[in-house]
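Structural characterization, general
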Amino acid sequence: AQSVTQPDIHITVSEGASLELRCNYSYGATPYLFWYVQSPGQGLQLLLKYFSGDTLVQGIKGFEAEFKRSQSSFNLRKPSVHWSDAAEYFCAVGAGHNTDKLIFGTGTRLQVFP
Amino acid sequence: DVKVTQSSRYLVKRTGEKVFLECVQDMDHENMFWYRQDPGLGLRLIYFSYDVKMKEKGDIPEGYSVSREKKERFSLILESASTNQTSMYLCASTGGAVGAGELFFGEGSRLTVL
């Protein structure tokens, strides 16, 4: 069965520092992978997605993620974090290529210090 | 912009009450979803619907039912609310190619059952 693991529950960084949020997945075939962000009191917003092709994908708000099949990972990165990036981040994998069901990880809460 | 509207942001109900959570989307999306979000557990799929009057169980359907009488509206029903259903409920919709995965979320309905 498909699953997603986000090993970091809570990460704290200083504003301007680089960021990497980890995501590992379990899926038998080439997965559809997603990162969503949830600002306080809001719903989730799509940051980026990977379906196929270039393994480095660019998203909104300066985020990028790299798909590494050998490591079953899809880590999210940002070179310089802004205070407004403080939020909860969710990695998700598609439950199958003929369904829109997503399986979400448990989330990583990002705190940014000035 | 796609808009997914959840009618109630905050609700407080008593054990045993019947609870309706309403969700409306304005982009003519075929697929709609109800997720439950709990700290440390991420998002878990309760029910989803890929057409009017169609529904499928997600991962945690027990204690819930749904209704989709019109394409734009997807309701989550708690027939007899219990304290363990205190949670944040998120509605989402998606259309277009199957597996495209870009879920559009509402802002959530935080339910407290006393």
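For the structure itself, look to the data block above.
Note that this is a predicted model, so its numbers are computed, not measured.

Taken residue by residue, the interface counts 23 residues in chain B and 22 residues in chain A. Between chain B and chain A, roughly 1800 Å² of surface is buried when both sides are summed, and carbon and sulfur atoms account for 53% of that area. Our count for the chain B to chain A interface comes out at 0 salt bridges. On the surface where chain B and chain A come into contact, there are 4 residue pairs in polar contact (both at pLDDT 80 or more). Of all the secondary-structure elements, those providing two or more residues to the side of chain B that touches chain A are β4 (31–38), β5 (42–49) and β9 (87–94) of chain B. The class makeup of the residues in the side of chain B that touches chain A is 12 nonpolar, 8 polar and 3 charged.

Disulfides are covalent bonds that connect the sulfur atoms of two cysteines. Residues and elements named next belong to chain A. All chains considered together, the criterion is met by 2 disulfides over all chains. The partner cysteine of Cys-23 in its disulfide is Cys-91, sulfur to sulfur 1.9 Å. On the sign convention where negative is left-handed, the bridge of Cys-23 and Cys-91, at about -65° about the S-S bond, is left-handed. One end of the pair, Cys-23, is in the loop between β3 (19–21) and β4 (24–26); the other, Cys-91, is in strand β10 (residues 87–94), with 68 residues separating them in the sequence.

Residues and elements named next belong to chain A. Along the chain, Ala-86 falls in the loop between β9 (73–78) and β10. Distance in space between the C-alpha atoms of Ala-86 and Arg-22 is 16 Å, their sequence separation being 64 residues. Residues within four places of Ala-86 in sequence aside, it is in contact with Pro-40, Leu-110 and Val-112.

Topologically, Ser-72 of chain A is positioned in the loop between β8 (64–68) and β9. Separated by 47 residues in sequence, Ser-72 of chain A and Tyr-25 of chain A place their C-alpha atoms 5.6 Å apart.

Let us look at the pairing of strand β3 (residues 19–25) of chain B. Residue and element names in this part refer to chain B. Burial of the side chains of β3 is restricted to one face: Val-19, Leu-21, Cys-23 and Gln-25 are buried, whereas none of Phe-20, Glu-22 and Val-24 on the reverse face is. Note that β3 and strand β8 (residues 73–78) share 6 bridges and pair antiparallel. Residue pairing for β8: Leu-21 is matched across the bridge by Leu-76.

Reading the values: rules and limits
- Residues numbered from 1 in each chain as written.
- Chains lettered and ligands numbered in written order.
- Predicted model: local features only at pLDDT ≥ 70, side-chain atom pairs only at ≥ 80, totals over all residues.
- Heavy atoms only, no water.
- Contact = heavy atoms within 4.5 Å.
- Buried area = accessible area lost by both parts, 1.4 Å probe.
- Salt bridge = Lys/Arg side-chain N within 4 Å of Asp/Glu carboxyl O.
- Polar contact = N/O pair within 3.5 Å; in protein donor to acceptor, adjacent residues only side chain to side chain.
- Helix = DSSP H or I, 4+ residues; strand = E, 2+ residues; numbered from the N terminus.
- Nonpolar A, V, L, I, M, F, W, Y, C, P; charged D, E, K, R; others polar.
- Disulfide = S-S within 2.5 Å.
- Buried < 20%, exposed > 50% of the residue type's maximum accessible area, 1.4 Å probe, protein only.
- Pairing = 2+ DSSP bridges.

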